[in-house]
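Chains, contacts and geometry: an overview
Listed below, chain by chain, are the residues.
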Amino acid sequence: MGISANPNHRPDGSEGPVRIDRPAGAAPCPLILASPHSGRNYGRDFSELACLSLDMLRRSEDAYVDTLIASAPDCGACVVRALFPRVYVDANRGPWELDPAMFSDRLPVQADDVSRRAASGLGVVPRIGVEGRPLYRRRLRYEEARERLSQCYEPYHAALAGLIGEIRDQFGFAVVVDMHSMPDQSARGVDFVIGDRFGTACDPAVVDAVETDLAELGFVAVRNIPYAGGYTTEHYGRPAEGVHVVQIEINRSLYMDEKRVVKSARFADFEREMRKFISRLSQRDWSALASS
């Protein structure tokens, strides 16, 4: 594999909605690291609609997770990350997880079965931001949401699904690590939450490996509570078909000031630990998964 910094550059040279980084020099391995919530390209159209300041909008990001996993291609793994912000489109939701209450017109019938996430305001086009605050000055039209899905959501999942297929074709299986961050108050005293949909999204060996590597680096990790995984683990996790997906939530207090959304004095040290963690995962022998 060569390196592809961004296969989705637009004709005018600007970055598209998703970025893929591939190994350059390192021997490729069957790992894909994904970051659907670290994007921070806030467009003018969204800023004009939003009733929260940029500082408040950014508190919904998994800020700097993309930086923390940037070393993965040096270890042989691929990285895919959304460049659009989570409050604009949430790539870790199903495409029909829409809240009818936030639209001025009727939604297609596919959206009639409203999920709990969408009803709470945290659908694929979120209604609320940090602290449950409303995002918009007015109700949206469905066509506005449809355009966002076409421009952002669909390219992200096309990139992720394409990588999964590519890696599975090469190795016989693929391991996807969906990377997120969590507020400190979500799981006090816990550094990482590992989610595998309670054993359904990946082979147990994958979760065991993640937990072991984190423990050996001195971190406290728990499984599935309070985060068992979102749409990515639900939709792509098919261990019987050779696709193993695990979600990792990182406690933000390890590396950033949550309220100001800035790196803390501990960031450089924590980034080095994350490099070690990614290197360990990349160097593992995952070949047993090919026959599971």
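Residues numbered from 1 in each chain as written. Predicted model: local features only at pLDDT ≥ 70, side-chain atom pairs only at ≥ 80, totals over all residues. Heavy atoms only, no water.

Further remarks concern unusual backbone geometry. A cis amide bond links Ile225 to the next residue, Pro226, at an omega of 10 degrees. With respect to the helices and strands, Pro226 occurs in the loop between strand E6 (221-223) and helix H7 (231-236). For Tyr64, which is not glycine, the phi dihedral falls at a positive 70 degrees. Assignment of secondary structure puts Tyr64 in the loop between helix H2 (54-58) and helix H3 (65-68). The exposure class assigned to Tyr64 is buried, which follows from its relative accessible area of 12%. We note that Asn224 has phi near 65 degrees; this positive angle belongs to a residue other than glycine. (Helix = DSSP H or I, 4+ residues; strand = E, 2+ residues; numbered from the N terminus. Buried < 20%, exposed > 50% of the residue type's maximum accessible area, 1.4 Å probe, protein only.)

Once that is clear, we can look at the confidence of the model for the protein. Close inspection of predicted coordinates is inappropriate for parts of the model with low pLDDT. Averaged over all residues, the pLDDT of the protein equals 94, while 95% of them reach at least 70. Confidence drops under pLDDT 50 across residues 1-9; counting only partners more than four residues distant or on other chains, this segment forms 31 contacts. (pLDDT = per-residue confidence, 0-100. Contact = heavy atoms within 4.5 Å.)

Attention shifts here to the layout of surface pockets. Counted as a void, the largest pocket has a volume near 930 Å³. In this structure, the largest pocket is lined by 42 residues; those nearest its centre are Arg86, Pro183, Ser186, Tyr227 and Arg252. Put simply, the parts of the chain that give the lining of the largest pocket at least two residues each are helix H4 (116-119), strand E4 (174-182) and strand E7 (243-251). By residue number, the principal contributor to the lining of the largest pocket is E4, which donates three residues. Considering only residue class, the lining of the largest pocket consists of 12 nonpolar, 13 polar and 17 charged. (1 Å grid on protein atoms, 1.4 Å probe; cavity = no way out; pocket = protein on both sides within 12 Å on 5 of 7 lines; lining within 4 Å. Points joined across faces, edges and corners; volume = space filled by probe spheres on them. Nonpolar A, V, L, I, M, F, W, Y, C, P; charged D, E, K, R; others polar.)

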